[in-house]
Structures are given as C-alpha cells and as structure tokens.
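The lines below spell out each chain.
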Amino acid sequence: MRQRDDMTFPFAEYERRLGDLRARMADRLLDAVVITDPENLMYLTDYQTSGYSFFQALVVPLADEPFMITRAMEESNVVARTWVDLTRPYPDTGDAIQGLVHSLREFGLHTKDIGYERNSYYFPAYHQDYIHTALTEGRLIDCFGIVEEGRICKSAVEIDVMRRAARATEVGMQAGIDACAAGVTENDIAAEISSAMFRAGGEFPAVMPYVTSGPRSMIGHATWEGRVVQPGEHVFLEVGGCFRRYHTAMMRTVVLDELSPSMVTAQERMKLALAEVKAAIRPGLTVSDADNIVRSIITDNGVGARLVTRSGYSIGIAFPPSWDEGYIASLNQGNSSILREGMTFHIIPWMWGVDGDKTVGISDTIHVTDRGCESFFTLDQDFTSKPEHAAGVVADDAPTPLRPEVA
C-alpha cells in the first residue's frame, strides 16, 4: 500500500477496511478476491471514475499486495486517487479478462481459491464464462457481498462525509421548493435544484432530482420532461445530494393552493410514520419491525393512498444508475435482519394515489446510533403551501411560462 494523506478518508481507514476484508476472506477460506463493483472499489481504495462501464477490478490476495486491472485510460485514477501501487492496464484494443487471467498467473494466484462478485452488474455473464474457461487450475467461488458486509455500517468519518452530502441535499431541496410556481416548467425547478446542490459543494449524484407535477406524479421514477406546472397543482420532489460518492436523499411536496383535507391527512400520516419509526429505531430492531411501523401507519390513511414499495433502504456510496444500497439492506416485510450502529437508511413513507391521482412524499435519511437514530437533516417536513398560485388566482408576480406546455 502506498501511504498518502490526500484521499477522502485518513489512510488508517483504508487499512482498516482492507484488514476487515481479509479477515472475512480467511473465514471463507479464500486466497484472493476479485472485486468489480464500482462502489466496492471506491470503498476499499478511493478509486472512482465515470468510465466504470469498462471492465475494472481490484484483486486482493490474502497476504500479498493488491493490484488493479483497468482500462489504460483509467490507470491515471489509480495513481491520482488511491493507495494501490500495482496496476495492470489493458489497451482499448486488448482483452480485459485475458489481462485479468494473465495477472492472476503472474502473481501465482491461478491455482488458488479465488472469490468473485458473481452478482456484480459490471462482471457480466460472458466475462464470467471466459474466466471459468480460462482459469481451470484453481477454484472460482462466488463471494458476492463480502465487501458489503463492511460497507453496511458506516464509520464516524463516513457519517461526517454524509453530512456534507446532506448539506447539498437540503440546499437543493429548498431551492426546488422555492422555484415551484404556476407557469414554470419542471425543467426550471430541476435546474434550480441542481445549481443549488452543486454550488453548495455537492458533486454529481447517482440519480438526478425527481421533479413531477400534477398527474405526472403518479408515474413511477418519472422526472422532469418540460411540463408547465398549472395553478392549483402539487409538485413532488425527491433530491439526492452527493459528496465523494456518498449520498443522502429527501422527499418533499409543494402544493400550489391551500392544503385540502386529503393533503393534510397525507402530510400527517407521513410525519407520524417517520416520528414513530425513528423513535423505535435502535440496534437490535429488525428491519421487518421497522417496515411494519411505517406500513401500518401509511396503510391506515383514509385518502385512498398506498405504500407500494419497501419503506426504506440503506444509502451511502453510489454510482449511476441508483443512489441506494437497497441490495445490501432494505426495510421490507418478513426480513429478520437486525439494525446495527452505523447503518444509514433513507426512510420513505411516501403515499401513492392520494385522491386517486396524486403521489406525495416526505422522507428522511438517518443513521443508527448506539441507542437510537439521528437525522442528517433539519429542513421542515410539512408540505409547502403556496395559495398565491391556486387556480383562479392571478398573482402580480406570477411567472410567465418559458416554453409551451408538454402534456
């Protein structure tokens, strides 16, 4: 390892992570692991690139020096960002998996028991077929999750970095709330959110903000498409701020009118769900119990809405296409996994189908402490009501639509 003091975390943090990984490798009787997931590479070495669609891997032997296989262009990221000394880059005209196999032979690992992330998005089946065919003297063993076992509980320095991400999230969300008005486009709102996040120190998030208005809020994972927000409508916002690839996320709702009784009910149901689950969260609580608290409160709503998804998911390091770590841990029914100190979750008691045609949301990102949990945010949870933009009301300062409405 090449000691340096200019990485995201102190050098000792990476030494600890590598040591913990090797302890888990020893428990599984593995002589080496091949790590290909971009989040795991970042976690272990501080390596990151937007070019992660090209094959890249960190090979960690149980005792010897780790080395990286990268596209030649990406080797500069290893040198500039990480503690890794050994690299074996391949040219664009080369074969990445052939390079990996040659390197395993070079370092005497080809006859060993080697773990690999079988479920990694970035180690596709045809690459796995190739290495199984080419590397016949040793054993290839699925070790998916071996790094995630360390990632699931964040250290104190990781929590501090997530606070930086939370600052970008809050600033971006407030800018989005402020921008919501009759006559502006969803694009205008998204632009204000993004500008504010980046000016507050946020970096490019794994997912850009979700901005939907009126009936478009019923479309799952939709975001801005140029639609002009109409008087009296509501706007659903979900913002994920990022700093050093760590994320925090938040949902909020803006209503361009006084709150209807249904909207008041939805607001209070979601606030109650968040309050109750946060009061219950502590080490030892099962994720199923946490989900049941949220789900039972949201289900009993009286306004026709549903919670159609899990009620929360782990959040932390992320690259596109998703900011969540839900594949590591999600708040789901029937899951007996327990919460532990340092876990971080985006809790989402959102409501789909209020009055049959509105999706609304209030959410929070929290970290589990030794006796409970704490939010990363201070922004008010209530819906933002803007009656000056209600249908039939013409405000003196009402914005002029910037482009034709797209339905």
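You'll find the structure just up there.
Residues numbered from 1 in each chain as written. Predicted model: local features only at pLDDT ≥ 70, side-chain atom pairs only at ≥ 80, totals over all residues. Heavy atoms only, no water.

**So, the sheet that holds strand E7 (residues 210-213)**
Heads up, the condition is: Note: two strands are recorded as paired if DSSP finds a minimum of 2 bridges between them. Only runs of H or I of at least four residues qualify as helices and only runs of E of at least two qualify as strands under DSSP, and these elements are numbered from the N terminus. By definition, residues are in contact when any of their heavy atoms lie within 4.5 Å. Angles here are taken between N-to-C directions and fall from 0 to 180 degrees, while the axes themselves are lines fitted to C-alpha atoms, restricted in helices to the stretch in contact.
Across the sheet, which stays open at both edges, the four strands sit in the order E7-E8-E9-E17 with mixed pairing between neighbours. Edge strands, defined here as strands with exactly one partner in the open sheet, are E7 and strand E17 (384-385). Pairing of E7 with strand E8 (residues 234-243), which is carried by four bridges, proceeds in the antiparallel orientation. When the sheet's bridge partners are listed, Thr212 is paired in E8 with Phe236. Packing against the sheet, helix H8 (residues 186-199) makes contact with E7 and E8, and its axis sits at approximately 25° to E8.

**Here we look at the packing of aromatic side chains**
Our working definition: A pair of Phe, Tyr and Trp rings is counted when the ring centres sit within 6.5 Å of each other, with Trp represented by its six-membered ring. The angle between the planes then sorts it: under 30 degrees is stacked, over 60 is edge-to-face, the rest tilted. Each residue gets one of three labels from its accessible area relative to the maximum for its type: buried under 20%, exposed over 50%, partly exposed in between, using a 1.4 Å probe on protein chains only. Whether a charge lies above a ring is judged from NZ of Lys or CZ of Arg, which has to be within 6 Å of the ring centre and within 35 degrees of the ring normal.
Enumeration over the complete set of coordinates arrives at 10 aromatic pairs. Between Phe9 and Tyr246, the ring centres sit 5.7 Å apart and the planes meet at 85°, which makes this aromatic pair edge-to-face. With Phe9 in the segment before helix H1 (11-27) and Tyr246 in strand E9 (residues 246-255), the pair connects residues that are 237 residues apart, well separated along the chain. Here the two residues Phe9 and Tyr246 agree in accessibility, since each one is buried. The interplanar angle of 75° and the centroid separation of 6.0 Å between the aromatic rings of Tyr210 and Trp323 together place this pair among those described as edge-to-face. With Tyr210 in strand E7 and Trp323 in the loop between strand E10 (312-314) and strand E11 (330-331), the pair connects residues that are 113 residues apart, well separated along the chain. Grouping aromatic residues by their ring pairs yields a cluster made of Tyr52, Tyr121, Tyr122 and Phe319. Cation over ring: Arg164 sits above Phe243, and NZ or CZ is 4.1 Å from the ring centre.

**Concerning the packing of H1 against helix H2 (residues 38-45)**
Test applied: Put simply, angles under 35 degrees are roughly parallel, angles over 145 are roughly antiparallel, angles from 65 to 115 are roughly perpendicular, and the rest are oblique. Three residue categories are used. Nonpolar comprises Ala, Val, Leu, Ile, Met, Phe, Trp, Tyr, Cys and Pro, charged comprises Asp, Glu, Lys and Arg, and polar comprises the others, including Gly.
The contact between H1 and H2 brings their axes to 7 Å, and the two run at 120°. Judged on the interaxial angle alone, H2 and H1 are oblique. Within the contact between the two elements, H1 uses Tyr14, Arg16, Arg17 and Leu21 and H2 uses Met42, Tyr43, Leu44 and Thr45. Residue composition of the contact of H1 with H2, by class: five nonpolar, one polar and two charged.

**Points about the pattern of salt bridges**
The criterion, for reference: Salt bridges are identified by distance alone: a Lys or Arg side-chain nitrogen within 4 Å of an Asp or Glu carboxyl oxygen.
A complete count under the given rule lists 27 salt bridges for this structure. Put simply, Asp324 and Arg310 hold a salt bridge, and the shortest N to O gap is 3.4 Å. A residue pair is termed long-range when its members are at least 10 positions apart, and Asp324 in the loop between E10 and E11 and Arg310 in the loop between helix H10 (287-299) and E10 qualify at 14 residues.

**What to know about the state of the cysteines**
Note the following rule: Here, two cysteine sulfur atoms that lie within 2.5 Å of each other are counted as a disulfide.
For the structure shown, the criterion picks out zero disulfides. In this model Cys143 remains outside any disulfide bridge; the closest cysteine sulfur is found in Cys153, 19 Å from its own. On the accessibility criterion, Cys143 (1% relative accessible area) is buried. Here Cys373 stays unpaired: no disulfide links it, and the sulfur of Cys153, its closest cysteine neighbor, is 14 Å away.

**Overview of helix H5 (residues 125-134)**
Applicable threshold: Regarding the arc, it is the one traced by the directions from the helix axis to the C-beta atoms.
Where H5 is concerned, the buried positions are His127, Gln128 and Ile131. The buried side chains of H5 occupy one side of the element, clustering within an arc of 100° when seen end-on. Among the exposed residues of H5, those pointing more than 90 degrees away from its buried face are Ala125, Tyr126, Asp129 and Thr133. Of the surrounding secondary structure, the elements contacted by the buried residues of H5 are helix H4 (96-106), strand E5 (113-116) and strand E6 (139-142).

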